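The residues making up each chain are set out below.
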Amino acid sequence: MLHDKICTKCGQAAASVKLTKLIKGQMEVQWLCSDCAAEESPYQKKFNALSVQAILAGLLSQNAAEAAAKPVRPTIEATCSACGMPFETYRETLLLGCSNCYEDFEKYLIGDLRKFHGSTVHRGRVPEGTPRPIELQRSPQELKRRLREAVEAEDFELAARLRDELRRLQTGTDEQN
Amino acid sequence: MTSVDPIRTSDTWLERSGPEEHVVVSSRARYARNLPGIPFPMRARPEELAAVTERVAAAVAAHPRFRDGFHFELPGLSASQRTYLKENLLISPEMEKGNEHRAIFLTPDIALAVMVNEEDHLRIYALDAGYRLTEVLNAVIGLESDLARSLPFAFSPKFGYLTACPTNTGTGLRASVMVHLPGMVASKQIAEFAKSLPQIGLTVRGFYGENSEHIGDFFQISNEITLGKSEEEIVQTVGHVVEQIIEREEHARRSLFEKSRAAAEDEVWRAYGILTHARSMSSDEAVRLLSRLRYGVDRGFFPSLTHGELNRLIIAVQPGHLQYGRGSVGPAERDALRAELLRARLASRPTNN
């Protein structure tokens, strides 16, 4: 830990973050405590991985430069009907208020989700008993292939999950017939 | 219950042996989950947070793996206890602050954990020593499925499991591996490697995860993207990179010795000399020197020293560990304690010169 360094901004707290900025082509390094670091860049908390990479790479990538500069966007007046959090608060903190925010703010969040994940559609596990949307269901052929691979790799837990999914698909088809 | 301090018992998981432990210290899989109808922790009122803790505690208490396990309510732990747990990689730097209504549940073997009211209502973990990504994924899926029988998790078919930060939504899975790369750092390959990761949705972080610098050549490789990929795809991507890293690190370490064997050996033995004789040492220096010993352990210079022991020693020299149970200790005294610990653990070891 950087226990021996003191924050160069407030001069009081111990520094725990090394913030590297690219200003007019020059690298500027500051040792900051977590409060001052959060002030320096509102994206510091969420894009900390980029600042480590920046140090390691010796330069800031395009994304980090974009993140450090606060983007200019029109104010969105929406509030969540369940928890009352204004959308603008999410803009500042990058944290939503409750699970209902995803519903009320859906059209505003899609852009951020696509930018970060490159996708806006869930393809992972679903709660027990929840059917997958039809377009996301894997084909029986693909499931069989992956089941075979899992068995070969002796990953029997994965094989069991795939077998269950295959069974669900087949039962569904039987019911339709 | 024994009279052993439960906080200290959390040390033992680090000494477990694991595959590829000469490069991979540990593997971890984490699920983020939230209860519907209650605001996320940052926005919830104290009574709402208390309700979450109560419900999760009940679900965990009913789980056989957690019987005789550990249950820490963070506000009830002292600052030094929380620092100790953080240094053992069991709570995040964020959790170390110990705000009200935060808790952590651990199985007795420290293989599974549930953290309550950090950024999300629940953070569910499986961890293990060495490179065991598939195993920890299966373990965390198993635990999540078990808990899902008594706890509803906020989910939308479109966005998956809903999390406080949209960067975690979807699977809510973070698969991460902690690696030790002294060879790649010495041969300056880290920057190039770090740059290549974002393109495949991965990231590299320092020793303690968020907001930390890389200490002693330790890095955490994990996925950033959680939406649009299945759990298996995520683990496959991380695993693929880890396997490449292991090869590159082994190669880098070998090259160091091949190119200038005398100089490389000298570094190891100097490190050993200082570690076994110094009377005062900062944690930065200790971790740096212990990193050098890694090469020595690889090459059999210290037959009785295992990689697992080395990993544990690197944690044991952190300030929280040295300070634990001693009340207030100034930096100079801590540096002396550190040197004493290192001499005790490393001196009089059989060596192959």
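In every chain, residue numbers begin from 1 and rise along the written sequence. Whichever chain is written first becomes A and whichever ligand is written first becomes 1, with later ones labelled in order. Only residues with pLDDT of at least 70 get local features here, since the model is predicted, and only at 80 or more are side-chain atom pairs given and counted; chain-wide, interface and lining totals rely on the full set of residues.

Asks: Describe the overall build of chain A, listing the residues and the values that go with them.
Replies: Secondary structure follows DSSP: runs of H or I at least 4 residues long count as helices, runs of E at least 2 residues long count as strands, and numbering of each begins at the N terminus. A count of helical and extended segments in chain A gives eight helices and two strands. In chain A, which comprises 177 residues, the share counted as buried stands at 27%. Residue pairs are scored as contacts if the distance between their C-beta atoms, which are placed from the backbone, is within 7 Å. Within chain A, contacts between residues separated by at least 24 positions form 27% of all contacts whose residues are at least 6 apart in sequence. The burial criterion counts other C-beta atoms lying within 10 Å of a residue's C-beta, which is placed from the backbone; the residue is buried at 20 or more, exposed at 12 or fewer, and partly exposed between these limits.

Asks: Break down the overall build of chain B for me, with residues and values.
Replies: The number of helices and strands found in chain B is 12 helices and 10 strands. Computed over the C-alpha atoms, the radius of gyration of chain B is 21 Å, within 12% of the 20 Å expected from 2.2 N^0.38 for a compact globule of 353 residues. Across its three principal axes, chain B shows a C-alpha extent of roughly 65 × 45 × 30 Å. Of the contacts made within chain B by residues no fewer than 6 positions apart, 71% connect residues no fewer than 24 positions apart. The size measure is the radius of gyration over C-alpha atoms, and the globule rule it meets is 2.2 Å times the number of residues to the 0.38 power.

Asks: Outline the environment of A57 of chain B, supporting the account with residue identities and numerical values.
Replies: Tracing the backbone shows A57 of chain B in helix α2 (residues 46–61). Taking the C-alpha atoms as reference, A57 of chain B lies 43 Å from V297 of chain B; in sequence the two are 240 residues apart.

Asks: Break down the interface of chain A and chain B for me, citing the residues and quoting the values.
Replies: Interfaces are often described in size by the accessible area the parts lose on coming together. With 43 residues of chain A in contact, the opposing surface of chain B contributes 50 residues. Secondary-structure elements contributing two or more residues to the side of chain A that touches chain B are β1 (17–23), α2 (48–57), α6 (106–117) and α8 (156–176) of chain A. Examining the composition of the side of chain A that touches chain B, we find that six residues originate from one element, α2 of chain A, more than from any other.

Asks: Provide a residue-level description of the pairing of strand β4 (residues 112–116) of chain B, including the pertinent values.
Replies: Residues and elements named next belong to chain B. Among the five residues in β4, five count as buried, and that is most of the element. Along β4, one buried face is formed by L112, V114 and V116 and the opposite face, lined by A113 and M115, is buried too. If DSSP finds at least two bridges between two strands, the strands pair. One ladder, built from four bridges, connects strand β3 (residues 103–106) with β4; its direction is antiparallel. Of the residues in β4, the one forming a bridge with I104 is M115. Connecting β3 to the antiparallel partner β4 that follows it, the hairpin turn spans five residues, and I110 within it adopts a positive phi of roughly 55°. For β4 and strand β5 (residues 122–129), the ladder comprises five bridges, and the chain directions are antiparallel. Residue V114 lies in a different strand from β5, and its bridge partner there is I124. Taking the residues between adjacent antiparallel strands as the criterion, β4 and β5 are bridged by five residues, where N117 takes a positive phi near 60°.

Asks: How would you summarise the packing of helix α8 (residues 261–277) of chain B against helix α9 (residues 283–298) of chain B if you had to cite specific residues and measurements?
Replies: Residues and elements named next belong to chain B. Look at α8 against α9: their axes get within 8 Å of each other, and the N-to-C directions meet at 130°. Classified by the angle between their axes, α8 and α9 sit oblique to one another. In this structure, α8 meets α9 at a crossing whose hand is left-handed. Where α8 abuts α9, its residues A264, E267, V268, A271, Y272, I274 and L275 lie against L289, R292, L293, Y295 and G296. A breakdown of the residues in the contact of α8 with α9 according to their chemical character gives nine nonpolar, one polar and two charged. Helix axes are fitted only over the stretch in contact, all axes being lines through C-alpha atoms; the angle between N-to-C directions runs from 0 to 180 degrees. For classification purposes, an angle smaller than 35 degrees is called roughly parallel, one larger than 145 roughly antiparallel, one from 65 to 115 roughly perpendicular, and anything else oblique. What makes a crossing left-handed is the near helix being turned counterclockwise from the far one by less than a right angle; a clockwise turn instead makes it right-handed. Following the grouping adopted for this structure description, the nonpolar residues are Ala, Val, Leu, Ile, Met, Phe, Trp, Tyr, Cys and Pro, the charged ones are Asp, Glu, Lys and Arg, and the polar ones are all others, Gly among them.

Asks: Tell me about the packing of helix α4 (residues 133–148) of chain B against helix α7 (residues 231–259) of chain B, and please be specific about residues and values.
Replies: How two helices sit against one another is set out by the angle between their axes and by the gap between those axes. All names here are of chain B. Two elements in contact, α4 and α7, have axes separated by 10 Å at closest approach and are oriented at 155°. On the basis of the axis angle, α4 is roughly antiparallel to α7. Here α4 runs over α7; the crossing is right-handed. When α4 is examined against α7, the residues L133, T134, L137 and I141 are found in contact with a partner set consisting of E231, V235, V238 and G239. Tallied by class, the residues present in the contact of α4 with α7 amount to five nonpolar, two polar and one charged.

Asks: I'd love a proper account of the sheet that holds β5 of chain B, names of residues and values included.
Replies: Residue and element names in this part refer to chain B. Read from one edge of the open sheet, eight strands run β2-β3-β4-β5-β1-β8-β10-β9, paired in antiparallel fashion. Bordering the open sheet on either side are β2 (70–73) and β9 (202–205), each of which pairs with just one other strand. Within this sheet the neighbouring strands show an average axis-to-axis angle of 20°, counted without direction.

Asks: How would you explain the pairing of β5 of chain B if you had to name every residue and give the values?
Replies: All names here are of chain B. With respect to burial, β5 is a largely interior element, eight of its eight residues being buried. Of the two faces of β5, the one holding L122, I124, A126 and D128 and the one holding R123, Y125, L127 and A129 are both buried throughout. In the sheet, strand β1 (residues 24–33) pairs with β5 via eight bridges, with the strands oriented antiparallel. Directly across from R28, in β5, lies its bridge partner L127.

Asks: Please provide a residue-by-residue account of the nonpolar core, values included.
Replies: All names here are of chain B. Counting 94 residues, the largest nonpolar core has V140, V179 and V238 as the members making the most contacts within it. The biggest single contributor to this core is α4, with eight residues. Not counting the four nearest positions on each side in its chain, V179 is found in contact with V23, V24, V25, F219, I221 and I245. In these notes, a nonpolar core means any group of buried Ala, Val, Leu, Ile, Met, Phe, Trp, Tyr and Cys residues linked to one another through C-beta atoms within 7 Å. Of all hydrophobic cores here, the second largest spans 22 residues; its members include L289, L310, A316 and L346.

Asks: A description of the confidence of the model for chain A should follow, citing residues and the corresponding values.
Replies: All names here are of chain A. A score between 0 and 100, pLDDT records how confident the predictor is in each residue. Of all residues in chain A, 66% have pLDDT values of 70 or greater, and the mean over the chain is 73. Within chain A, the element-level pLDDT minimum falls on α2, averaging 46, and the maximum on helix α5 (residues 101–104), averaging 94. Segment residues 44–51: pLDDT under 50, and 19 contacts once partners within four positions in sequence are set aside and those in other chains are kept.

Asks: I'd love a proper account of α7 of chain B, names of residues and values included.
Replies: Relative to the 42 Å expected for 29 residues at 1.5 Å per residue, α7 of chain B spans 42 Å between its end C-alpha atoms, a close match to the ideal helical length. Within α7 of chain B, burial applies to E231, I234, V235, V238, V241, V242, I245, E249 and R253 of chain B. Multiply 1.5 Å by the residue count of a helix minus one, and that product is the helix's expected span.

Asks: Please give an account of the environment of W13 of chain B that cites residues and values.
Replies: Residues and elements named next belong to chain B. In this fold, W13 is placed in the loop between α1 (6–9) and β1. Counting along the chain gives 96 residues from W13 to D109, while the straight-line C-alpha distance between them is 7.0 Å. For W13, the contacting residues outside a window of four places in its chain are I110 and A129.

Asks: An account of unusual backbone geometry is needed here, citing residue identities and associated values.
Replies: Backbone geometry follows two general trends: most residues other than glycine have a negative phi, and most peptide bonds adopt the trans configuration. Residue and element names in this part refer to chain B. In this model, H101 sits at a positive phi of 65°, which is unusual for a non-glycine residue. The class of H101 is buried, set by 20 C-beta atoms lying within 10 Å. With a phi close to 55°, I110 is a non-glycine residue in the positive phi region. Structurally, the position occupied by I110 is in the loop between β3 and β4.

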